[in-house]
Amino acid sequence: MNSLDKPAMWRLAAAITISATVFTAMQGLTYPLLALILERQGVSAWLIGVNAAMMPLGVIVAAPLTPYLMQRLGALRFVVSSQLGTLLCLLLIGAQHDAWLWLPLRFMMGLFLASQFVVTETWINQIASDAYRGRILGFYATVLSAGFAAGPAILLGVGTQGWAPFTAGAALLLGAFLVLWSVRRALPAARSERPMSVFAFLPLAPLLLLAVAAVAFADEGSMSLLPIYVIQHGYGEQVGTAALIAMIAGSVSMQYPIGWLADRFSRRRVMLGCALVAAVSAMVQGIAVGVPWLFWSVVFVWGGSYYALHVLSLIRLGERFSGAALIAGNSAMGAMWGVGGIVGPPLLGGAMSSFGPNGLPVVLALLFVAIALVIARSGSE
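Residues numbered from 1 in each chain as written. Predicted model: local features only at pLDDT ≥ 70, side-chain atom pairs only at ≥ 80, totals over all residues. Heavy atoms only, no water.

S.K.: Teacher, can you tell me more about the overall build of the chain here?
M.R.: Regarding its fold elements, the chain presents 15 helices and 0 strands. For the chain, the C-alpha radius of gyration of 20 Å lies close to 21 Å, the compact-globule estimate for 381 residues. Dimensions of the chain, computed from the C-alpha atoms along their principal axes, are close to 55 × 50 × 35 Å. Considering only contacts within the chain whose residues lie at least 6 apart along the sequence, 85% involve residues at least 24 apart. Only carbon and sulfur atoms are counted for the fraction: they give 70% of the accessible area of the chain, which is about 15200 Å². (Helix = DSSP H or I, 4+ residues; strand = E, 2+ residues; numbered from the N terminus. Rg over C-alpha atoms; globule rule 2.2 N^0.38 Å. Contact = heavy atoms within 4.5 Å. Areas by Shrake-Rupley, 256 points an atom, 1.4 Å probe, with all protein chains shown as cover.)

Here it is in structure tokens:
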């Protein structure tokens, strides 16, 4: 698929990216929406937390299944089936506001969304020529990051009552389907090889998988706890929300420039640089938090640098692997994202409970120092 000319490659990349954004947009929509609905019903906090954990659990379970289902059904048919499954789960959740019924439905939604995500990440790497891989994946990550903000923005527009937010979510899924269907004949096939299992891939690129788990750990933990960190330093909810917006803005705006750097310089060195910047910016948060504008600036850099490690891992995955190994690698990355997303919030929350609010940036800084050391010591990875 690298034989596409530059305009065709970018057009196809844009269509795949728009379709993939439903993964992040649905998370941005459903996490706050369903938590608010359960809170209004008086559901206990622990059950709300268990509900939220079902989606990343579905992501983990999807990983070993995806390579085989892609091979058996074909990539496009598999994605369309997953989109229909996601739509059905969303409508069933909207029809019955029952916390216990939602557990299997949210698990299945995570499984269906992860399946779409793995296929689109495989496609985006398959169509990208190596000369443009960094910029294409930087663009891909930029739009996906914006998808996280799209969910809450929809809720601001339509509210959290009745069918309106669920109808909006269904419209997102329909739009993703229509965009993908419009380019169906240009999409790469994924049925020519015997599938590789996720477990067989694990020893092939441990650094890339570790980096993705670290990004998910930081991402899910920061999304959940950064506003609380700010509030515990004596600020109001608006300052905490502004800090979260600054972090997301960094993750949105910095990915394409970092992808551009990855196309021109050693991708391993760019990865090392991002890990070091993430470590330093995390540690500086504890100092900068006393000055809101400075803190927002630091958090902006933090969001862009830690999230770039996910993009750079995808770039290096596509650079090193193809065919069945690329599909297995994307599936393994999806599983590691689920693991990091489950482990991050409780561990970071425990650090804040045990050591005070600065337990959050200290643990995150130590995590990315460790990642930087592993990158520095790595060879071909």
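S.K.: What is the right way to look at the pattern of salt bridges in this model?
M.R.: Pairs can form between side chains of opposite charge whenever their charged atoms are close. Considering all chains together, one arrives at 3 salt bridges under this definition. The salt bridge partner of R267 is D263, with a shortest N-O separation of 2.9 Å. One network of salt bridges, with partners in common, ties together R135, D263, R267 and E319. (Salt bridge = Lys/Arg side-chain N within 4 Å of Asp/Glu carboxyl O.)

S.K.: Before we go on, may I ask you to explain the packing of helix 4 (residues 75-95) against helix 7 (residues 164-182) in this structure?
M.R.: Interaxial distance between helix 4 and helix 7 falls to 9 Å at its minimum, and their mutual angle equals 170°. Regarding the angle of helix 4 to helix 7, the classification is roughly antiparallel. Facing helix 4, whose interface residues are L76, V79, V80, Q83, T86, L87, L90, I93 and G94, helix 7 presents F166, G169, A170, L173, A176, F177, L180 and W181. In terms of residue class, the contact of helix 4 with helix 7 is built from 13 nonpolar, 4 polar and no charged. (Axes fitted to C-alpha atoms, helices over the stretch in contact; angles between N-to-C directions. Parallel < 35°, antiparallel > 145°, perpendicular 65-115°, else oblique. Nonpolar A, V, L, I, M, F, W, Y, C, P; charged D, E, K, R; others polar.)

S.K.: Mind showing me how you'd approach helix 1 (residues 6-20) here?
M.R.: Along an α-helix, residues three or four apart share an orientation, since each turn contains 3.6 residues. A rise of 1.5 Å per residue sets the reference length of helix 1, with its 15 residues, at 21 Å; its end C-alpha atoms lie 21 Å apart and thus fit the reference within 8%. Turning to helix 1, its buried residues number three or more, namely A8, M9, L12, A13, A15, I16, T17, S19 and A20. On its buried face, helix 1 sits against helix 2 (22-40), helix 4, helix 5 (99-127), helix 6 (133-158) and helix 7. (Expected span 1.5 Å × (residues − 1). Buried < 20%, exposed > 50% of the residue type's maximum accessible area, 1.4 Å probe, protein only.)

S.K.: Would you mind showing me how to read the packing of helix 6 against helix 13 (residues 292-320) here?
M.R.: Packed helices, taken two at a time, are described by the angle between their axes plus the distance between the axes. Contact pair helix 6 / helix 13: the axes reach a minimum separation of 10 Å and the direction vectors enclose 140°. Judged on the interaxial angle alone, helix 13 and helix 6 are oblique. The chirality of how helix 6 crosses helix 13 is right-handed. Across from R133, G134, L137, G138, Y140, A141 and S145 in helix 6, the residues of helix 13 making contact are Y307, V311, L314, I315, G318 and E319. Grouping the constituent residues of the contact of helix 6 with helix 13 by class yields 7 nonpolar, 4 polar and 2 charged. (Left-handed = near helix turned anticlockwise from the far one by under 90°.)

S.K.: Looking at this structure, how should I read helix 5?
M.R.: If you check helix 5, its first and last C-alpha atoms are 42 Å apart, about what 29 residues at 1.5 Å a residue would give, namely 42 Å. Most of helix 5 sits out of view: 24 of its 29 residues are buried. Its side-chain oxygen at 2.8 Å from the backbone nitrogen of W100, D98 defines the N-terminal cap of helix 5. (Polar contact = N/O pair within 3.5 Å; in protein donor to acceptor, adjacent residues only side chain to side chain.)

S.K.: Can you walk me through the environment of F78 in this structure?
M.R.: With respect to the helices, strands and loops of the structure, F78 is situated in helix 4. The spatial distance from the C-alpha of F78 to the C-alpha of A275 is 35 Å, given a sequence separation of 197 residues. Those residues in contact with F78 that lie beyond four places of it in its chain are T66, L69, M70, L73, S115 and V119.

S.K.: Honestly, a nonpolar patch on the surface in this entry has me stumped. Any pointers?
M.R.: A contiguous nonpolar surface patch, about 550 Å² in accessible area, is contributed by L57, V61, L65, L69, V339, I342, V343 and L347. Elements represented by at least two residues in the nonpolar patch include exactly helix 3 (45-73) and helix 14 (323-355). With respect to the helices and strands, I342 occurs in helix 14. Since its relative accessible area comes to 31%, I342 is described here as partly exposed. (Patch = residues over 30% accessible without salt bridge, like charges linked within 9 Å, V, L, I, M, F, W, Y side chains within 5 Å.)

S.K.: Could you clarify how one ought to interpret empty space enclosed by the protein in this entry?
M.R.: Where empty space is left becomes clear once a probe the size of a water molecule has been rolled over the atoms. What the rule picks out here adds up to 5 cavities of 30 Å³ or more. Put simply, the largest cavity is a space of about 100 Å³. Along the wall of the largest cavity there are 13 residues; nearest its centre are F23, Q27, F117, H310 and W337. Secondary structure elements with two or more residues in the lining of the largest cavity: helix 2, helix 5, helix 6, helix 13 and helix 14. Residues of the lining of the largest cavity, tallied by class, amount to 9 nonpolar, 4 polar and no charged. Quantified by volume, the second largest cavity comes out at close to 70 Å³. The wall of the second largest cavity is formed by S145, F148, D219, M223, M247, I248, S251, Y306 and Y307. Taken together, the residues of the lining of the second largest cavity break down into 6 nonpolar, 2 polar and 1 charged. (1 Å grid on protein atoms, 1.4 Å probe; cavity = no way out; pocket = protein on both sides within 12 Å on 5 of 7 lines; lining within 4 Å. Points joined across faces, edges and corners; volume = space filled by probe spheres on them.)

S.K.: Help me out: how do you make sense of the side chain of T120 in this one?
M.R.: Positionally, T120 belongs in helix 5. Residue classification places T120 among the buried residues on the basis of a relative accessible area of 1%. Discounting residues that sit within four places of it in the chain, T120 has contacts with I16, A20 and Y140.

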